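A structural walkthrough
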Amino acid sequence: FLTVGHPAAVAAVHAMLGSSVPHAILISGPASVGKASLAMDLAAGLLCSGAAGADRPCRTCRTCRMVEHGNHGDLHVIEPTGAGMQIPIGKEDSPEPGSVRHLIGELVLLPIEGGQRVAIVRDADRMNDDGQGAILKTLEEPPPGTTLILCTDDEERLLPTIRSRCARLRLGTVGARDVEQLLGDRGLADPPT
């Protein structure tokens with residue numbers, strides 16, 4: 001896993017991959033602690049074709065490499081955009097890419113690679129009530145083989161009906177030693193400094 005500093009959350013994701021993954025997962029915690037990283041680790045595990053169960057993701061198979069490079073056809077990521085940094089709901093008749101309605105339309109299609117479809121909604125609390133209402137239907141009746149992963153800094157800004165339909169993973173702050181190791185491993189700083 002690429003997620004650093006959250007051994008309990010990583011263990012929970014490994015357990016999910018080893019048995020069954022809920023159709024919707026809400027990852028919450030303070031800003032910039034690794035929610036998106038954990039979501040990508042889970043997505044890679046779900047889409048991995050080079051290993052099975054809790055050994056996923058292998059990080060070497062074709063599908064893992066596609067996830068890592070952001071070009072896997074069955075992985076959909078939406079995030080806030082524009083001046084207001086909101087996740088748009090999208091037009092009803094022709095929703096634009098990056099909108100909630102476009103994501104919902106993509107998820108009802110058959111998987112391209114033949115396995116799972118995974119959607120990650122970064123900063124899910126940046127959807128307005130209409131956007132949250134639109135995604136709620138997908139959470140209530142998800143297409144087969146689909147997993148939705150919602151990431152948020154503030155889960156209280158999500159509708160209670162959305163929170164109740166998701167398995168929850170809560171992340172705390174990352175310890176100083178983990179940050180030191182991460183910066184050292186990436187050559188960004190000398191750990192003692």
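Everything that follows concerns the structure shown earlier in this document.
Residues numbered from 1 in each chain as written. Predicted model: local features only at pLDDT ≥ 70, side-chain atom pairs only at ≥ 80, totals over all residues. Heavy atoms only, no water.

1. Quick look at the pattern of salt bridges
Keep this limit in mind: By salt bridge we mean one thing: a side-chain nitrogen of Lys or Arg within 4 Å of a carboxyl oxygen of Asp or Glu. For helices the rule is a DSSP run of H or I covering at least 4 residues; for strands it is a run of E covering at least 2, with both sets numbered from the N terminus onward.
Scanning the entire structure with this criterion turns up 12 salt bridges. Salt-bridge contacts for R59 lead to D41; the nearest nitrogen and oxygen are separated by 2.2 Å. Of the two residues, R59 is situated in the loop between α2 (35–47) and α3 (62–69) and D41 in helix α2; the sequence distance between them amounts to 18 residues. Where salt bridges share partners, they join D74, E106 and R117 into one cluster.

2. Looking at helix α1 (residues 7–18)
In plain terms, the rule: By definition here, a helix of n residues has an expected span of 1.5 Å times n minus one. Contacts are assigned to residue pairs that have any heavy atoms within 4.5 Å of one another.
For α1, with 12 residues, the first-to-last C-alpha span of 16 Å sits near the 16 Å given by 1.5 Å per residue. Residues of α1 that are buried sit in contact with β1 (24–28), α2 and β5 (167–170).

3. What about the side chain of R117?
Stated precisely, the cut-off is as follows: Here's how the labels work: a residue is buried when its accessible area is under 20% of the maximum for its type, exposed when over 50%, partly exposed in between, all with a 1.4 Å probe on protein chains only.
Tracing the backbone shows R117 in strand β3 (residues 117–121). Classification of R117 by relative accessible area gives buried; the value is 2%. With residues up to four places along the chain from it excluded, the contact list for R117 reads G73, D74, H76, E106, L107, L109, L110, P111, I112, G145, T146 and T147.

4. Here we look at a nonpolar patch on the surface
Selection rule: Like-charged residues within 9 Å of one another, or nonpolar side chains (Val, Leu, Ile, Met, Phe, Trp, Tyr) within 5 Å, are grouped into patches, provided each residue has over 30% relative accessible area and no salt bridge. Values of accessible area rely on a 1.4 Å probe in the Shrake-Rupley scheme; residue burial ignores everything except the protein chains shown.
A grouping of V179, L183 and L188 is seen on the molecular surface, where their side chains present a nonpolar patch of about 250 Å² in accessible area. Position of L188 among the secondary structure elements: in the segment after α7 (176–185). Look at L188 and you get exposed, because its relative accessible area is 61%.

5. Focus: the pairing of β3
Keep this limit in mind: The criterion for strand pairing is that DSSP finds at least two bridges linking the strands in question. When the strands point away from the viewer and the path from the first strand over the helix to the second turns clockwise, the crossover is right-handed.
The element β3 is largely enclosed, with a buried count of 5 among its 5 residues. Of the two faces of β3, both are covered, the one formed by R117, A119 and V121 as well as the one formed by V118 and I120. Where strand β2 (residues 75–78) and β3 come together, 4 bridges link them in parallel fashion. Its bridge partner lying in β3, H76 is registered against A119. When β3 meets strand β4 (residues 146–152), the two strands line up parallel, connected through 5 bridges. Bridging across to β4, R117 finds its partner in T146. Taken together, β3, helix α5 (residues 129–140) and β4 constitute a β-α-β crossover, and its handedness is right-handed.

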